[in-house]
Amino acid sequence: MPLPLDDPSAWAWSGVPRPRFVGGNDVRLLQGGDELFPRMVEAIDAARHEVWLATYIFHSDDAARAVAAALSAAAGRGVEVHVVVDGFGSLQTMATLREWLLPGGVRLEVFRPLDRWWAWLQPGQLRRLHQKLCVVDADIAYVGGINLIDDRHDLHHGWGDAPRLDYAVELRGPIARQVRDTARAMWARAHLGHFWGEELRALARSSAPVEQTVQLLRQLRARPQPVPGDDGGEPVRAAFVVRDNLRQRRAIERSYVEAIRGARERVDIAVPYFYPGQTFRRALRRAAARGVRVRLLLQGKIDYRIAALAARALYDELRAHGVRIYEYTPAFLHAKVAVVDDDWATVGSSNIDPLSLLLNLEANVVVRDPLFARALADRLDSAIEASHEVKTQPAGRGWRSWLHRGFVAWCAGVYLRLAGIGGRY
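Here the structure is a predicted model, which means the values were calculated and not measured.

Undergrad: Please set out the overall build of the protein residue by residue, giving values where relevant.
TA: If you tally the helices and strands in the protein, you get 13 helices and 17 strands. Surface exposure of the protein reaches about 18600 Å², of which carbon and sulfur atoms provide 53%.

Undergrad: Outline the packing of helix 1 (residues 32-45) against helix 2 (residues 62-76), listing residues and values.
TA: The interhelical angle for the contact between helix 1 and helix 2, taken along N-to-C directions, is 10°, at an axis separation of 9 Å. It follows that helix 1 is roughly parallel to helix 2 by the angle criterion. Listed contacts from helix 2 to F37, M40, V41, I44 and D45 of helix 1 are A63, A66, V67, A70, L71 and A74. A per-class count over the contact of helix 1 with helix 2 returns 10 nonpolar, no polar and 1 charged.

Undergrad: Can you break down the pattern of salt bridges residue by residue, with the values?
TA: Enumeration over the complete set of coordinates arrives at 25 salt bridges. The salt bridge partner of R180 is D181, with a shortest N-O separation of 3.9 Å. Judged by its relative accessible area of 19%, R180 is buried. Here D181 falls in the buried class, since its relative accessible area comes to 5%. D381 is paired through a salt bridge with R266; the nearest N and O atoms lie 3.6 Å apart. With D381 in helix 12 (residues 370-385) and R266 in strand 11 (residues 266-270), this residue pair connects regions lying 115 residues apart in the sequence. If you follow the salt bridges from partner to partner, you end up with R266, D268, R293, R295, R374, D378 and D381 in one network.

Undergrad: An account of the UniProt feature "active site" (unreviewed entry) in the protein is requested, with residue identities and associated values reported.
TA: UniProt feature "active site" (unreviewed entry): in the numbering of this structure it lies at H130, K132, D137, H334, K336 and D341. Checking the named residues against the largest cavity, the ones that line it are K132. In this fold, H130 is placed in the loop between strand 4 (107-111) and strand 5 (133-136). Setting aside residues up to four positions removed in sequence, H130 forms contacts with Y56, K336, S349, N351, S356, N360, L361 and E362. Among the polar contacts listed, one links the side chain of D341 to the backbone nitrogen of E265, at a separation of 2.7 Å.

Undergrad: Tell me about the side chain of N360, residues and numbers included.
TA: Among the structural elements, N360 can be located in the loop between helix 11 (354-359) and strand 16 (362-368). Apart from the residues lying within four places of it in its own chain, the contact partners of N360 are L126, R127, R128, H130, R243 and L355.

Undergrad: Residue-level account of helix 1, with values.
TA: Given 3.6 residues per helical turn, the α-helix brings residues three or four places apart onto the same face. Between its first and last C-alpha, helix 1 extends 20 Å over 14 residues, near the 20 Å set by a 1.5 Å rise per residue. Looking at the buried side of helix 1, the elements it contacts are strand 1 (22-31), strand 2 (50-55), helix 2, strand 5, strand 6 (140-144) and strand 9 (167-172).

Undergrad: Please set out empty space enclosed by the protein residue by residue, giving values where relevant.
TA: A complete count under the given rule lists 2 cavities of 30 Å³ or more for this structure. Roughly 100 Å³ of volume is contained in the largest cavity. Contributing to the lining of the largest cavity are 17 residues, with L36, M40, K132, L133 and I146 lying nearest its centre. Breaking the lining of the largest cavity down by element, the ones donating at least two residues are helix 1, strand 2, strand 5 and strand 6. Of the residues in the lining of the largest cavity, the class split is 12 nonpolar, 4 polar and 1 charged.

Undergrad: Lay out unusual backbone geometry in plain terms, naming residues and giving numbers.
TA: If you check the backbone angles, R112 has positive phi at about 50° while not being a glycine. As for its position among the elements, R112 is in the loop between strand 4 and strand 5. Positive phi values are uncommon outside glycine, yet D137 reaches one of about 55°.

Undergrad: Pulling in residues and values, what's your account of the packing of aromatic side chains?
TA: Tallying each qualifying case throughout the model produces 3 aromatic pairs. Their ring planes at 50° and their centres at 5.7 Å tell us that Y256 and F280 sit as a pair that is tilted. Taken together, the positions of Y256 in helix 7 (residues 251-261) and F280 in helix 8 (residues 278-289) put the pair 24 residues apart, joining distant regions of the chain. As far as burial versus exposure is concerned, Y256 and F280 are alike and both buried. One residue, K301, lies across the ring of F332, its end atom 4.8 Å from the ring centre.

Procedures and definitions
- Residues numbered from 1 in each chain as written.
- Predicted model: local features only at pLDDT ≥ 70, side-chain atom pairs only at ≥ 80, totals over all residues.
- Heavy atoms only, no water.
- Helix = DSSP H or I, 4+ residues; strand = E, 2+ residues; numbered from the N terminus.
- Areas by Shrake-Rupley, 256 points an atom, 1.4 Å probe, with all protein chains shown as cover.
- Axes fitted to C-alpha atoms, helices over the stretch in contact; angles between N-to-C directions.
- Parallel < 35°, antiparallel > 145°, perpendicular 65-115°, else oblique.
- Contact = heavy atoms within 4.5 Å.
- Nonpolar A, V, L, I, M, F, W, Y, C, P; charged D, E, K, R; others polar.
- Salt bridge = Lys/Arg side-chain N within 4 Å of Asp/Glu carboxyl O.
- Buried < 20%, exposed > 50% of the residue type's maximum accessible area, 1.4 Å probe, protein only.
- UniProt positions renumbered as here; feature names shortened; annotations may be inferred.
- 1 Å grid on protein atoms, 1.4 Å probe; cavity = no way out; pocket = protein on both sides within 12 Å on 5 of 7 lines; lining within 4 Å.
- Polar contact = N/O pair within 3.5 Å; in protein donor to acceptor, adjacent residues only side chain to side chain.
- Expected span 1.5 Å × (residues − 1).
- Points joined across faces, edges and corners; volume = space filled by probe spheres on them.
- Phe/Tyr/Trp six-rings, centres within 6.5 Å; stacked < 30°, edge-to-face > 60°.
- Lys NZ or Arg CZ within 6 Å of the ring centre and 35° of its normal.

As C-alpha cells, this is what we get:
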C-alpha cells in the first residue's frame with residue numbers, strides 16, 4: 001500500500017501544506033462529458049443558493065450551451081452564479097459566453113484575459129487557470145479533467161466519431177466545501193485582476209480598510225476551511241489537492257510521488273502530456289525495480305506534436321527500468337488519472353509536465369477507497385487493452401537518447417525561465 005498522505009512523514013520533505021483528508025464523502029466516477037454534463041445540469045437546476053464554476057475551456061457547441069442555459073436559468077431564479085474561465089482556453093468563445101451568461105445575471109470573470117495586444121507580452125500569461133470545478137450549494141461538486149466542450153469535438157482537429165477519453169468525479173459530503181473554497185478563490189482572483197484599481201480605491205475609502213483587506217486576502221488564498229462535524233471517518237476518505245503559485249506549488253506532484261514511493265503492487269497512470277522531473281521519474285524507476293507493475297497510458301493519437309516528442313524522449317529511460325508504456329489510439333486521450341495498489345486513486349486536471357506541475361492552476365481529488373480505486377482501475381484496464389504497447393528495443397543510455405532528452409529538457413527550461421521559474425527540470 002502507498003504511504004498515506006495524512007502521515008506526517010509523507011510530507012516532511014515537501015515544505016507545503018499537506019492535503020487534508022476528510023471522511024464521510026460519496027464519490028462517483030464519471031467518464032467523459034456524456035456522463036458528466038447531464039449530472040452537472042441536473043445539480044445546477046436544483047441549486048437553491050449558489051453555483052461556482054471554473055474551467056479552462058467553455059466552448060460554444062451544444063454540450064456547453066446546455067450547461068450555460070442551466071447556469072442562466074439558475075441565476076434567473078435568484079441563485080448566485082459565479083463563473084470564471086481562462087482567458088486563453090476560452091479566448092475563441094468569449095463573446096458568445098458573454099452573450100449567453102451576462103443577460104441572465106451570471107457573474108462572469110476571465111482569468112488573465114487576452115483582450116489587449118500587450119497582454120500577450122506579459123510573462124504571467126504563461127500561467128493559466130486549468131482547473132475544471134463546479135460546486136452547487138457547497139453540497140455537491142464536480143472535479144476532473146473535462147472541459148465544457150463536446151467529447152467528440154477537438155479545437156484543433158474538428159469533429160470525430162469517437163469520444164476522447166476523460167474523467168471527472170462527482171463529490172457529495174464535506175470535501176465539496178473545500179472545492180467550493182477554491183472555485184470561489186479562482187473567481188475572486190480573476191475579479192481582483194479585472195478591477196484591480198477599483199478594489200484598491202474601495203479599500204482605501206473603506207471605514208475599516210485593514211479588516212476589508214484581510215477578508216479579501218482570505219478569499220484569494222483558497223485555503224480549505226474546517227468542516228463542522230468532520231471526524232475523518234467513513235465512508236469515503238478523500239483529499240482535494242490544489243497546485244497554485246502561492247503555498248501549494250508542488251502539492252499535486254508530491255501526492256503522486258509519495259503514493260508511488262509506497263506502492264507495492266501496481267501503479268497505473270493515464271495522462272496525455274507526460275514530461276516529469278527527475279524526482280518523479282526516479283520514483284517510477286524504483287517502483288518497477290522492486291517488482292511493482294508500473295504502466296503508463298499516454299496518447300497515441302497526437303494533438304500536439306511537441307508534447308508527444310517530449311514524452312517519447314523519456315520512453316527509453318523508463319522502459320529500460322521495467323516501466324511499461326502504452327499509447328491510446330482509439331481517440332484523443334485527455335484523462336489525468338492514476339491508481340496505486342488497491343485503495344489510492346486520483347482524478348483531476350493536472351498533467352504530468354512542466355506546465356501543469358510548475359505553472360498552471362490545477363486541482364485533483366485523491367481518494368482512499370478500495371471500491372473507487374477498483375472502478376477506476378477497471379476503466380484503465382479496458383483502455384489499456386484497447387491501446388498499443390510500445391515494444392521497440394530500448395536504446396538505453398546511448399548518445400542519441402541522451403541528446404534527445406537533453407534537447408527537450410533545454411526547451412522546457414527555456415519555457416520555465418520565460419514564465420519566471422528558475423531551476424533545473
